[in-house]
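# A structural walkthrough
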Amino acid sequence: MSAIDEVKQRTDIVEVIGQYVSLSKSGRTFRGLCPFHSEKHPSFFVYPEQGSWHCFGACNTGGDVFSFIMRKEGIDFGEALRQLAERAGVNLPSRAETGVRRDEKERLYQVNEAAAQYFHDLLLNSPAAEKARNYVASRGLSLETVTKFKLGYSLNSWESLKKHLEDIGYAKDELMAAGLITEADSGETHDRFRNRLMFPLCDLKGNVTGFGARVLDDSLPKYLNSPQTIVFDKSSTLYGINLAAPAIRTQETVVIVEGYLDVITAHQHGFDNVIASMGTAVTEKQINILKKMAKSIVLAMDRDEAGEEAMRIGLVYQKILEYDDRMKKASGNIITRESEVRICVLPPNKDPDEVIKESEELWQKLISKSIPIFDYIFDLEIKGLDLTNVRDKSLAVERLGPFIKNIYKTRRVSNI
Ligand SMILES: [Zn+2]
């Protein structure tokens with residue numbers, strides 16, 4: 001029996017769908033209001049014996065428990081299989097994620113959590129952290145905010161964290177695996193983060209997966225991250241996602257900024273749906289996470305050279321369109337949650353942190369006046385061109401052509 005069959009067999013479809021739909025029994029079937037279209041009289045049926053569901057109303061379609069979860073959660077088959085397998089207690093051999101590996105991950109979350117707590121206590125109490133405390137105060141962060149984001153401080157020392165974690169029972173190998181210490185060629189190990197303001201990075205569930213660390217002086221690099229580990233993958237990390245998720249789900253909108261401090265300031269001022277990408281590019285993995293929660297994505301990122309900016313933003317848009325497409329195909333076109341991507345145009349040389357501190361109203365206004373991404377790119381590309389002039393006209397076509405072609409290609413596929 002395949003793992004898929006096993007998951008299906010061990011899953012009670014009525015129980016799973018019952019989490020989303022209020023079902024009442026009628027004979028050997030269950031019936032309720034269709035969760036995929038709006039209706040007053042129930043035309044949605046679940047057949048426990050066949051392990052299937054069907055909507056006889058506007059959708060006029062059906063499927064099994066996997067397709068239900070995919071549609072409802074906006075996830076792909078692999079993710080639906082993973083979720084249902086976990087629920088049914090089935091190990092998926094192809095993922096090679098054995099129980100040992102799960103325990104290993106759990107242990108790394110724990111050691112990271114212990115490190116975060118250690119850094120946090122230092123920031124709040126250590127005399128050595130005075131400079132860090134002054135910095136935090138100079139950025140206008142309240143104690144409540146510092147606690148909420150569990151900001152911390154790493155001592156200017158080669159092995160204070162290592163000693164602390166070993167003292168409370170963690171092994172050197174675990175510290176290495178979590179990327180908290182590094183090993184020199186000589187075989188000696190030392191703390192990776194020294195004399196820095198520490199930002200714990202969390203996954204959606206709030207597990208600490210790694211750290212971002214900012215210098216407090218002029219040394220370089222200004223920001224240092226944890227290395228890739230079995231629990232930390234920079235390209236799927238979104239700073240603040242664990243705290244922002246409820247607001248993102250309620251508002252169906254997420255605002256993406258660039259800096260950790262932009263996120264923290266936004267939350268301190270009550271803008272709870274703000275998160276940061278880990279760098280200037282937004283990755284496909286990040287979009288996959290966000291699109292499950294938000295219909296509308298607002299990019300409020302630093303501006304740079306017009307050409308580069310258009311390309312960067314265009315790439316983000318492309319990835320989002322592709323995501324919509326995959327979801328549409330996976331759901332037989334039931335999901336029509338087409339993304340709305342907008343650009344929040346910040347005043348020149350200002351980042352969100354500064355704007356919000358200056359005026360909450362201004363920030364709100366900028367977000368509400370954000371521009372559809374296509375219009376934004378269009379304006380960027382034709383800026384400075386005189387469209388009554390033939391040469392400039394052909395230049396505009398040359399610049400916008402590839403972008404329009406890509407969108408057209410994606411859209412056409414999605415209409416099949
Ligand atoms: Zn329906």
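Before reading further, recall that the structure is shown in the block above.
Residues numbered from 1 in each chain as written. Predicted model: local features only at pLDDT ≥ 70, side-chain atom pairs only at ≥ 80, totals over all residues. Heavy atoms only, no water.

### Looking at the coordination of the zinc ion
The test is simple: Here the term donor refers to an N, O or S atom within 2.8 Å of the metal (or 3.2 Å for Na, K and Ca), and because water is left out of the atoms, sites may appear incomplete. For a four-donor site, all angles between 85 and 135 degrees give tetrahedral; for four or six donors, opposite pairs above 155 degrees with the remaining angles between 65 and 115 give square planar or octahedral; all remaining cases count as irregular. Here a helix means four or more residues in a row that DSSP labels H or I, a strand means two or more in a row labelled E, and each is numbered from the N terminus. Each residue is assigned to one of three classes by its accessible area relative to the maximum for its type, calculated with a 1.4 Å probe on protein chains only: buried under 20%, partly exposed between the two thresholds, exposed over 50%.
Binding of the zinc ion to the protein goes through C34 (SG), H37 (ND1), C55 (SG) and C59 (SG), at separations of 2.0 to 2.4 Å. Relative to the metal, the four donor atoms surrounding the zinc ion lie at angles of 102 to 118°, and the coordination shape comes out tetrahedral. If you list the donors of the zinc ion from N- to C-terminus, the spacing comes out as C-x2-H-x17-C-x3-C. Of this pair, C34 sits in the loop between β2 (29-32) and β3 (44-47) while C59 is found in the loop between β4 (52-55) and β5 (61-64), placing the two residues 25 residues apart along the sequence. Comparing C34 with C59, the two get one shared label, buried.

### Observations regarding the pairing of strand β14 (residues 296-299)
What counts is decided by this rule: At least two bridges found by DSSP between two strands is the condition for calling them paired.
Burial along β14 is two-sided: S296 and V298 facing one way and I297 and L299 facing the other are all buried. Relative to β14, strand β12 (residues 253-257) runs parallel, the two being bridged by four bridges. Within the sheet, the bridge partner assigned to V255 lies in β14 and is V298. Examined bridge by bridge, β14 and strand β15 (residues 340-343) share four bridges and lie parallel to one another. Following the sheet pairing, I297 is matched in β15 by V341.

### A short note on the packing of aromatic side chains
We describe a pair of aromatic rings using the distance from one ring centre to the other and the angle between the two ring planes. To keep it simple, the criterion reads: Only Phe, Tyr and Trp rings take part, Trp by its six-membered ring, and two of them pair if their centres are within 6.5 Å. Stacked means planes under 30 degrees apart, edge-to-face means over 60, and tilted covers everything else.
Within the structure shown, the criterion is met by 18 aromatic pairs. Look at F199 and Y239: their rings are 6.2 Å apart centre to centre, the planes differ by 85°, and that puts the pair in the edge-to-face class. With a gap of 40 residues between them, F199 in strand β9 (residues 196-202) and Y239 in the loop between β11 (223-225) and α10 (241-251) connect regions that are remote in the sequence. Each member of the pair F199 and Y239 is classed as buried.

### Considerations on the nonpolar core
The condition is simple: Here the nonpolar core consists of buried residues drawn from Ala, Val, Leu, Ile, Met, Phe, Trp, Tyr and Cys, with membership extended through side-chain atoms lying within 4.5 Å. Residues count as neighbours in contact if any of their non-hydrogen atoms are within 4.5 Å of one another.
By size, the foremost hydrophobic cluster in this structure holds 60 residues, and its most contacted members are L151, L165, F211, Y239 and W363. If you tally residues by element for this core, the top one is helix α5 (residues 99-125), at 10 residues. If sequence neighbours within four positions are ignored, W363 has contacts with V255, V257, F271, V274, A300, L346, P352, V355 and I356.

### A look at the pattern of salt bridges
Stated formally: Take a side-chain nitrogen of Lys or Arg and a carboxyl oxygen of Asp or Glu: if they are within 4 Å of each other, that pair is a salt bridge.
For the structure shown, the criterion picks out 14 salt bridges. Measuring nitrogen to oxygen at the nearest pair gives 3.0 Å for the salt bridge that ties E113 to K150. One end of the pair, E113, is in helix α5; the other, K150, is in the loop between α7 (143-148) and β6 (152-154), with 37 residues separating them in the sequence. Since its relative accessible area comes to 21%, K150 is described here as partly exposed. One salt bridge connects R139 with D353, and the closest N-O pair in it is separated by 2.9 Å. Of this pair, R139 sits in the loop between α6 (130-138) and α7 while D353 is found in helix α14 (residues 352-358), placing the two residues 214 residues apart along the sequence. Residue D353 is classed as buried on the basis of its relative accessible area, which comes to 3%. Connected through salt bridges with shared partners, the residues R139, D353 and K357 form a single ionic network.

### Things to note about helix α4 (residues 77-88)
Note the threshold: To estimate the expected span of a helix, subtract one from its residue number and multiply by 1.5 Å. This arc is built from the directions going out from the helix axis to the C-beta atoms.
Spanning 12 residues, α4 covers 16 Å between terminal C-alpha atoms, matching the ideal 16 Å at 1.5 Å per step. Every buried residue of α4 is accounted for by A80, L81, L84, A85 and A88. Taken down its axis, α4 places every buried residue within 130° of arc, on the same side. Of the surrounding elements, those touching the buried residues of α4 are α1 (3-10), α2 (13-18) and α3 (65-73).

### A look at helix α12 (residues 284-291)
Every buried residue of α12 is accounted for by Q286, I287, L290 and K291. With its buried residues spanning 125° around the axis, α12 presents them on a single face.

### Re empty space enclosed by the protein
Our working rule: Only protein atoms enter the 1 Å grid, on which a cavity is a set of points fitting a 1.4 Å probe that cannot get out and a pocket is an open set with protein on both sides within 12 Å along at least 5 of 7 lines, lining residues being those with an atom within 4 Å of a point. Grid points are joined across faces, edges and corners, and a volume is the space filled by probe spheres set on the points.
A full pass over the atoms with the stated rule returns four cavities of 30 Å³ or more. Considering only enclosed or pocket space, the second largest cavity measures out at about 40 Å³ in volume. If you trace the second largest cavity, you find it lined by Y118, F119, S154, L155, S160, L161, D191 and F193. Contributing elements (two or more residues each) for the lining of the second largest cavity: α5 and α8 (160-167).

### Structural notes on the layout of surface pockets
Rules: Residues are grouped as follows: Ala, Val, Leu, Ile, Met, Phe, Trp, Tyr, Cys and Pro are nonpolar; Asp, Glu, Lys and Arg are charged; all remaining types, including Gly, are polar.
In this model, the second largest pocket occupies a volume close to 400 Å³. Residue lining of the second largest pocket: 19 residues in total, with Y223, E258, G259, Y260 and D262 positioned closest to the centre. For the lining of the second largest pocket, the leading source of residues is helix α11 (residues 260-268), giving three residues. Residue classes in the lining of the second largest pocket are distributed as five nonpolar, five polar and nine charged.

### Quick look at the sheet that holds β11
Put simply, the rule is: The axes used here are C-alpha line fits, helices contributing only the stretch in contact, and every angle between their N-to-C directions lies in the interval 0 to 180 degrees.
The antiparallel open sheet is built from four strands, whose spatial order is β6-β9-β10-β11. The open sheet has two edge strands, β6 and β11, and neither has a second partner. Each adjacent strand pair in this sheet contributes to an overall mean axis angle of 35°, direction not counted.

### So, the packing of α3 against α4
Test applied: These descriptions rest on fixed angle ranges, namely under 35 degrees for roughly parallel, over 145 for roughly antiparallel, 65 to 115 for roughly perpendicular, and the rest for oblique. Two helices crossing with the near one rotated counterclockwise from the far one by less than a right angle form a left-handed crossing, whereas a clockwise rotation gives a right-handed crossing.
At a closest axis distance of 9 Å, the pairing of α3 and α4 adopts a crossing angle of 110°. What the angle tells us is that α3 and α4 run roughly perpendicular. Of the two possible hands of crossing, α3 and α4 adopt the one that is right-handed. The segment α3 lies against α4, with V65, F66, I69 and M70 engaging F77, A80, L81, Q83 and L84. Classifying every residue of the contact of α3 with α4 by side-chain character gives eight nonpolar, one polar and no charged.

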